[in-house]
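# Chains, contacts and geometry: an overview
Spelled out, the chains give:
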Amino acid sequence: AVHTIAHLFNLERYNHSQQATDGSLPAVLSKMHLQGSNKWLNPIHSNQTTVEYVAFTTLPGLTGVIITLALILMVTSSTEFIRRNYFEVFWYTHHLFIIYFIGLVIHGIAGLVRGQTEESMEEVHPHDCAHCLTHKDEDCSHDCSKDPEFGSIPAESWKWVLAPVILYIFERILRVWRAQQKVVVTKVVMHPARVLELQMQKKGFRMEVGQYIFINCPAISLLEWHPFTLTSAPEEDFFSIHIRAAGDWTESLINTFQQQQLEMPRIEVDGPFGTASEDVFQYEVAMLVGAGIGVTPFASILKSIWYKFQQADQNLKTKKIYFYWLCRDTGAFAWFNDLLASLEQKMAESGKADFLTYRLFLTGWDNSIANNVALHFDTTTDTVTGLRHKTIFGRPMWNSEFAAVAAAHPRSVVGVFLCGPQALAKSLQNSCHQHSSLDPRKVKFYFNKENF
C-alpha cells in the first residue's frame, strides 16, 4: 500500500511538472523529451496524460495493479475463517503467487523510474549546476552548463527472487517425484463419528512419531493436498492416518471409500514432515494434550511406547507420561479406546502400570449421558469409554493438573505437547510459565504446539 500510494503521489508530481510553464527545475527537466533524445526524466510527455492512464496502460502500472490484486486475494483468502470453512478457495487463490512473482520480476523492466547517469553526474553535478539549467547565460563559464543525461534505473527484483524461486521449483519437482511413487491402501476402517482410518504402504517410507504427511486423491481433486498426522508407530510395517469429516474434501474422501467399489481410489502421499511431537522422548516426563482429532500425533507416540516396552528398549529416556484428551462428543472416543485399553493391559502385565496416566474429558454432554453415568458410578469400568479410568465431565483445571505434576516430579524437565486450538495453547503456555521454577535445579515445563 505504501509503495503504491507513493507512486501515485509521484505520478501526480510528474503530471504537474509536465504542465508547468514557470521555468522551474521540474518544468525544465520535464521538457527534455522535446529535444528528441532518449535522455528524458519525466515519463509523462503530454499535458493530456492522467495518472489513471499511466497506471492502466504502462507495463509498470498494469503489472502493479495485477500483482496488487493478486496479493490482496491471497491475503484475504488466507484468513482462518476462509481456510477452515472454504479451504478450496484458499488453496486455489494462493496459487496466484505464480502471477505475483512473474509480475514482480517484469514490473520494473520498462524503466519508468529514471535517474541521472553516472557519466553525466561527473560532468553535470546536480548540486552545482541546477541554477545554470534554469538560468542559462551565454557568458556562463561553468562546465555544468551542459545538459544532464538521464537513463532507466535497471530492474533488479529478479536478483532477490531468483534464489527462493529456484529452491521452490526444486522442491516442487521433488514433491511431484515423491507423489508419483506407488501407495498401496492395505486396510480401510470406518470409525464412529465419521472418522476414516487408512492404513497404507509405500516403498522406502520412513517415519518418526508425531510426523505428518500430505494426502492427495486425484479422483476428488488433482491439485489439493491436505496434511494429516500419522497415527501409526515407526515400528509398524504400515503407516496410517485418521481423517475426520471436516469439510468438502474430507467428506468426499470418506464417501469415496465408503462406496463399495472393486478398485480402491488412488492415493498420493508426500512426506513425512517433522513436528514438535518428535521430541517427546527427549523428556523424562511428558504431558500430552489432544483436543478432538488432535489426538492423532499422540496415538503414534503411545503405540511406539507400547512397542518399546515389548522390545525392552533400554534407550527410552521417558519415565512418565500424562495424557489428556478433550472431546465434545462420546463417539469421538470410540476409535481410540482399543489402543488405550491395550496399553492399559500390556503395561499392567509388564509391571509398568504407573508409566501412563491418562485423563479423558468430555466437554459436551446431555442429561441422558449424565444420568447413565450416575446410575453406574460404582462399576469398575467407565460407562462412556469402557476403560478403567473414569471420563471427567467438563474441562481440565490446568493449574491443578500442572501443580500435581510439579509436586510429583520436583526436579524433572517436563515436555508439554499440544495438538489443538489456539485458545487452549495460550492457556497451557501460561501454565507452563506459571509452574516452572526459577531455580534451575527444580521443575521446568517446556511448551510445544502443533495444529492444522
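Residues numbered from 1 in each chain as written. Predicted model: local features only at pLDDT ≥ 70, side-chain atom pairs only at ≥ 80, totals over all residues. Heavy atoms only, no water.

## Side note on the packing of aromatic side chains
Rules: Under the pairing criterion, centres of Phe, Tyr and Trp rings, with the six-membered ring standing for Trp, must be within 6.5 Å; the plane angle then separates stacked pairs below 30 degrees from edge-to-face pairs above 60, leaving the rest tilted. Remark: exposure states derive from per-residue accessible area (1.4 Å probe, protein chains only) relative to the maximum for the residue type, with buried under 20%, exposed over 50%, and partly exposed in between.
Under the definition given, this model contains 12 aromatic pairs. Look at Y100 and F101: their rings are 5.7 Å apart centre to centre, the planes differ by 90 degrees, and that puts the pair in the edge-to-face class. Taking the relative accessible area as the measure of exposure, F101 reaches 32% and is therefore partly exposed. Considering the side-chain rings of F205 and F239, the 4.0 Å spacing of their centres and the 15 degrees angle between planes classify their relative orientation as stacked.

## Quick notes on the sheet that holds strand 8 (residues 268-273)
Rules: In short, DSSP must find at least two bridges between two strands for them to pair. Helix numbering and strand numbering both begin at the N terminus, where a helix is a DSSP run of H or I of at least 4 residues and a strand a DSSP run of E of at least 2. Throughout, an axis means a line fitted to C-alpha atoms (over the contacting stretch in the case of helices), and angles, computed between N-to-C directions, take values from 0 to 180 degrees. The contact rule is simple, with two residues in contact once any of their heavy atoms fall within 4.5 Å.
Ordered in space as 6-5-8, the three strands form an open sheet in which the pairing is antiparallel. The two strands at the open ends of the sheet, each matched to only one other strand, are strand 6 (226-229) and strand 8. The mean angle between the axes of side-by-side strands here comes to 30 degrees, regardless of whether they run parallel or antiparallel. Pairing geometry for strand 5 (residues 212-216) and strand 8, over four bridges, is antiparallel. From the neighbouring strand, Y212 faces strand 8, where its bridge partner is F273. Contacting strand 5 and strand 8, helix 10 (residues 157-179) runs over the sheet at an angle of about 120 degrees to strand 8.

## Topic: helix 6 (residues 87-94)
Buried residues of helix 6: F90, W91 and T93, and no others. On the buried face of helix 6, the contacting elements are helix 4 (59-77) and helix 5 (80-85).

## Topic: unusual backbone geometry
The amide bond that connects G271 to the next residue, P272, takes the cis arrangement and shows omega of 10 degrees. Tracing the backbone shows P272 in strand 8.

## Brief notes about the pattern of salt bridges
We apply this condition: The salt bridge definition used is simple: a Lys or Arg side-chain nitrogen within 4 Å of an Asp or Glu carboxyl oxygen.
Inspection of every chain in the model, using the stated rule, returns five salt bridges. Between D270 and R175 there is a salt bridge, with the nearest N and O atoms lying 2.4 Å from each other. Linking D270 in strand 8 with R175 in helix 10, this pair joins segments that are 95 residues apart in sequence. Overlapping salt bridges, with partners in common, bring together R175, R178 and D270 in one network.

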